[in-house]
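What follows is the residue order along each chain.
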Amino acid sequence: MPQFDHEPPKWALWFLQLYCKPRVREIIEGDAYELFYKRVERDGLKVAKRKFGWDVLRFFRPKYIKGLEDINSLNNIAMFKNYFKISVRSLVRQKFFSIINISGLSLGLAACLLIMLYVTNELSYDNFHKEVDRVYRIAKNQSGQYTPASLGAQSKKDFPEIEEVVRLSGPFEQTFKVDNQIFKEQEGFSADSTFHKIFTVQFLEGNPDKALTAPNTIVLTASLAAKLFPNQEAYGQLLTVNGKPIKVTGVVADPPKNTHFHYNFIESFPHESWITAGNWTGNNFFTYAKLVPGATPASVEAKYPDFMAKYVGPDLVKFTGHADYKAYLADGGRQETFTLKPMKDLHLYYPHMALGSQGNIDNVYIFSAVAFFILLIASINFMNLSTARSAARSKEVGMRKVLGSRRNQLVYQFLVESMMISISAMFLSLGLASLFLEGFNQLANRSFSYTDLLAPDTMGLLLILVFVVGFLAGSYPAFYLSSFQPIKALKGEVKSNGGNVFLRKGLVAFQFAISIFLIISTMVVFSQLRFMGKQKLGFQPEQIMVVKNTSLLGEKINAFKNQLLQKPNIASLTLTNQYVSNNIADWGYSTMEDNRRSFNLMNIFTTDDFLETMGLELAEGRFYSNNLASDSVAVVINESTKRALGFENVLGEKLSRGEGEDYTIVGVVKDFNYVSLKRSIAPLILRRMSEDGHMEGGWYGGDYLLLNVTGNFAETVNQVADEWNAMALDEPFDYVFLDNAFNSLYEEERRFGKLFTASSGLAIAIACLGLFALAAFTLERRHKEIAVRKVLGASVKNLCMLVVSDFTKLVFIGAVFAIPVGYWIMQDWLATFSYQININNPLLFILPVLLVAIVALLTVGFQSVKTAIGNPIKALRSE
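Residues numbered from 1 in each chain as written. Predicted model: local features only at pLDDT ≥ 70, side-chain atom pairs only at ≥ 80, totals over all residues. Heavy atoms only, no water.

Each helix and strand in the chain was counted, giving 30 helices and 22 strands. Looking at the 879 residues of the chain, the share that counts as buried comes to 49%. Considering only contacts within the chain whose residues lie at least 6 apart along the sequence, 79% involve residues at least 24 apart. (Helix = DSSP H or I, 4+ residues; strand = E, 2+ residues; numbered from the N terminus. Buried < 20%, exposed > 50% of the residue type's maximum accessible area, 1.4 Å probe, protein only. Contact = heavy atoms within 4.5 Å.)

What follows deals with the nonpolar core. With 116 residues, the main nonpolar core has F539, M614, F672, Y674 and L738 as its most contacted residues. Considering every element that reaches this core, the biggest residue donor is helix 20 (residues 498-534), with 14 residues. In this structure, Y674 is in contact with V580, S581, I584, M602, N638, I681, A682, P683, L684 and F742, ignoring residues within four places of it in sequence. Within the second largest apolar cluster, 24 residues are counted, among which are F195, V201, F261 and Y263. (Core = buried A, V, L, I, M, F, W, Y, C linked by side-chain atoms within 4.5 Å.)

Glancing now at the environment of Y350. Mapping Y350 onto the fold places it in the loop between helix 13 (346-349) and helix 14 (361-388). Separated by 11 residues in the primary sequence, Y350 and I361 place their C-alpha atoms 9.2 Å from one another. Among all residues touching Y350, those that are not within four sequence positions of it are K341 and D345.

Before going further, it helps to examine helix 21 (residues 557-565). Along helix 21, the residues classified as buried are I557, F560, K561 and L564. Taken down its axis, helix 21 places every buried residue within 100° of arc, on the same side. Against strand 13 (570-576), strand 21 (704-709) and helix 24 (713-727) lie the buried residues of helix 21. (Arc of directions from axis to C-beta.)

Every buried residue of helix 1 (residues 10-19) is listed here: A12, F15, L16 and Y19. Across the axial projection of helix 1, the buried residues extend over an arc of 100°, all falling on one side. Those residues of helix 1 that are exposed and aimed more than 90 degrees away from the buried face are K10 and W14. As for helix 1, its buried residues are in contact with helix 2 (22-43) and helix 3 (45-58).

The next subject is the environment of M419. Inspection of the secondary structure assignment puts M419 in helix 16 (residues 407-444). The spatial distance from the C-alpha of M419 to the C-alpha of F471 is 6.9 Å, given a sequence separation of 52 residues. Beyond its immediate stretch of four places on either side in the chain, M419 contacts F467, G470 and F471.

Moving on, we get to the packing of helix 21 against helix 24. How two helices pack is summed up by the angle between their axes together with the distance between the axes. Relative orientation of the contacting elements helix 21 and helix 24 amounts to 155°, with a least axis distance of 10 Å. One element, helix 21, and the other, helix 24, form an angle in the roughly antiparallel class. Relative to helix 24, helix 21 is oriented so that their crossing is right-handed. The segment helix 21 lies against helix 24, with A559, F560, Q563 and L564 engaging V720, E723, W724 and M727. Looking at side-chain class alone, the contact of helix 21 with helix 24 contains 6 nonpolar, 1 polar and 1 charged residues. (Axes fitted to C-alpha atoms, helices over the stretch in contact; angles between N-to-C directions. Parallel < 35°, antiparallel > 145°, perpendicular 65-115°, else oblique. Left-handed = near helix turned anticlockwise from the far one by under 90°. Nonpolar A, V, L, I, M, F, W, Y, C, P; charged D, E, K, R; others polar.)

The subject of this paragraph is the pairing of strand 17 (residues 634-638). In terms of burial, strand 17 is a largely internal element, 5 of the 5 residues being buried. Bridge analysis of strand 17 against strand 19 (residues 662-669) gives 5 bridges, and the strand direction is parallel. In the sheet register, A634 faces strand 19, and the bridge partner there is T664. Judged from the 3 bridges that link them, strand 17 and strand 20 (residues 684-688) form a sheet pairing that is antiparallel. Counted as the bridge partner of V635 is R687 from strand 20. (Pairing = 2+ DSSP bridges.)

Let us now look at the environment of F97. Position of F97 relative to the elements: it lies in helix 6 (residues 95-123). Note on F97: relative accessible area 13%, which makes it buried. C-alpha of F97 to C-alpha of L769: the two residues are 672 residues apart in sequence and 9.9 Å apart in space.

Okay, the pattern of salt bridges next. Tallied over the full model, the rule gives 19 salt bridges. For E34, the salt bridge identified is with K38, shortest N-O distance 3.7 Å. With E34 and K38 both in helix 2 and 4 residues apart, the pair spans about one turn of that helix. Classification of E34 as partly exposed rests on a relative accessible area of 46%. A salt bridge links K670 to E617; the nearest nitrogen and oxygen atoms lie 3.2 Å apart. You can see K670 sitting in the loop between strand 19 and strand 20 and its partner E617 sitting in the loop between helix 22 (610-614) and strand 16 (618-621), a full 53 residues away along the chain. Connected through salt bridges with shared partners, the residues E131, R134, E163 and K290 form a single ionic network. (Salt bridge = Lys/Arg side-chain N within 4 Å of Asp/Glu carboxyl O.)

Time to look at unusual backbone geometry. P171 follows G170 through a cis peptide bond whose omega is -5°. Mapping P171 onto the fold places it in strand 3 (residues 162-178). In the Ramachandran plot, D126 falls in the positive-phi region, its phi being about 70° despite a non-glycine side chain. With relative accessibility at 0%, the residue D126 sits in the buried group.

A regular strand carries its side chains on alternate faces of the sheet. Among the 5 residues of strand 12 (residues 544-548), 4 are classified as buried, and the element is accordingly described as predominantly covered. One ladder, built from 5 bridges, connects strand 12 with strand 21; its direction is antiparallel. Residue pairing across strands places V547 opposite L705, the latter belonging to strand 21. Looking at chain direction, strand 12 and strand 22 (residues 735-737) are connected through 3 bridges and run antiparallel. When the sheet's bridge partners are listed, V547 is paired in strand 22 with Y735.

Turning our eyes to something else, we now look at the confidence of the model for the chain. Where the model shows low pLDDT, its predicted coordinates should not be examined in detail. When pLDDT is averaged along the chain, the result is 81; 85% of the residues meet or exceed 70. Across the chain, the element-wise mean pLDDT spans from 47 in helix 4 (residues 71-74) up to 94 in strand 6 (residues 217-221). This model gives residues 70-74 a pLDDT under 50, and the stretch forms 10 contacts once residues within four places in sequence are excluded. (pLDDT = per-residue confidence, 0-100.)

Moving on to the packing of aromatic side chains. Within the structure shown, the criterion is met by 34 aromatic pairs. With a centroid separation of 5.4 Å and 40° between ring planes, the pair formed by F195 and F199 is classed as tilted. Considering the side-chain rings of F199 and Y288, the 5.0 Å spacing of their centres and the 70° angle between planes classify their relative orientation as edge-to-face. In this pair, F199 is assigned in the loop between helix 8 (195-198) and strand 5 (203-205) and Y288 in strand 10 (residues 283-291), connecting sequence segments 89 residues apart. Side by side, F199 and Y288 carry an identical accessibility label, which is buried. An aromatic cluster of at least three residues, connected via ring pairs, comprises F189, F195, F199, F261, Y263 and Y288. (Phe/Tyr/Trp six-rings, centres within 6.5 Å; stacked < 30°, edge-to-face > 60°.)

Spelled out as structure tokens, the structure:
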């Protein structure tokens, strides 16, 4: 068959026609056909078709593709050098506007950089643990952090899905004594010997499998070991902890900062005690479980209802008087269970279960949103400033187009300028972020360092952010300026259409809305904090001094109390197992009616001076007495407990804890706030403690001594410290006043308020740049009008009001959107407080609007006055 009777592959011809520019397709196609026929004769049809297809694919290059006519010029290094030189000249020529652009973007980028540190750090918590996706914290019901002593071991035994478990107890502080040196150390825990099988721990000294198997053993972190045993090996050393000899059986690397469980030392559990046995209704431990590969938490949770009936039920009914667990449930008893919470979620989603630094996923969202809005405001300023100068650059654009520049070349030119500003802002933002780093650490309660700012991951995110911002912020002015028609541009007839003006003003109104919203949020937060600070608690917390660790005095406790009572500034004192504002445990009680009802009551053991020392008032009955033997089973409840019990006459009624533990109510104390004001007053029961700190059953609980101080506080503290040091030679003196203890409960809210204060100030500062941009744009367009008005007799005041009124409208437009959003969001935030301010106070919304309006008027007024007092002849002559 003649070679010219063959045809090349149809797909290749179709593809060539699809992508190739018409002016070169004919040449490529002709050469390809010529080669095709030669190859048919020389190599055969099959080879010729294959090579024809390859030739078509070889020419699929940018310079031959339709629509990319200028790709050669774009790839030309000289062209990019030209873009760069022109961009530098333009930025230098417009120094003032360039400084404003770079300053605004650098502030926005610095805020984003710091917030990126916070967000990435928060999201990284506990990710360093090996196989963290298989580790869970077992919770009582949905969020109860304490669990029974036997839960972990029995769960592992009954459930094949569980590979390993560990129990923790703490955190607590201990007094260490080494060679007559005393150290008070915090963040201590007790743990099972399986500790290292759940948590990723690097042992520097000791055998991890044996470190916590024996009683009276301890594992130290490297930093604590170096502190206690400088210049020597800590492993194998003996030290005294709270008066008890303990052997160091391991030294581990300090845990990373981004963990929900931060510790300085880990002690072993005793082998024989209530700690390792315990009952199923006593919730005193944190329990962690590691599941086998492939197991799901849902499969384990599905088994816990039957587990509860088998193990917890028999102990539970001892307190309720029911025949069995089924009868308890049938009588309306609450069905309880256990759930599994991923360990990596504890820090953000279950912060009350964290054993160290507590986070909040809402704060992550808030920080991220604030960063986004601040950066958005900065980008808006960038666009407004660029378009505000459009009239000045219109002739440049017209001349470039007349000389042959295409629109896409102009777009690239303006985008290069945008990128240069963005990159310059990036370097400045690194300096600003370093400058503000210490303040940000205090605000976010973190300890970031300069090396964190320069970490590869952080810098990579910053570079991505810079290029995205540079492109997005520069895209609108690039496409807008490049769209000018050359003839009109050269004649100076370029005018902004209504859509562009509306967009600019809308963006500035949006800036105002963000600023107003942030100020509203700040005012609500601080108003709520001030409200809680002034709220009456039912006692005077500033008069109550709490001496901690009094259990360490042992038999000297009564002598210590007697010595303090001789001080003129101490009106009274009482010994307790816990003090208000601290972690008070709840205990289960039931009524002793025919149909028993169960209640969980907050439980405090105290001596009979509690009422006088705290300054509380009785609502009914009397307080129990340590001098009456019959009061050994007497209890006092608060008004909330009385309402919960529902007895019309509660005095003389009995409450039971089962197995003969029955108590008689002899008094009702008026409600007082003993926890954060974020929570309502919960039912409380006060149990009697002996004068030397022993509770019912012989257990010792006199851990805290509360003093009612009436005189000079500083003098009293020194007197108490002297008495303590005389009786507890090896134990450091530790105390707190209750007003400070209560204030510490609101530290997170104070940081939240400071965040909004800083954000509001930064947002307003950047928004002022946006105001300057729009004012410059407006005055530039209206300078001839203003000159004519001045020549015709208009005063400076009238000319200023002409411009200022436009911006005042934008403030109120922003307020229309900010006020409803601020009201809704802050109302939702206040819902977390049982005691809250009245958010319907008009001043909370009027003052932020007035503040933003004043700042806006000052910003715009400066430029307006400058323009209004100018020589009108210069403006008219320039036309």
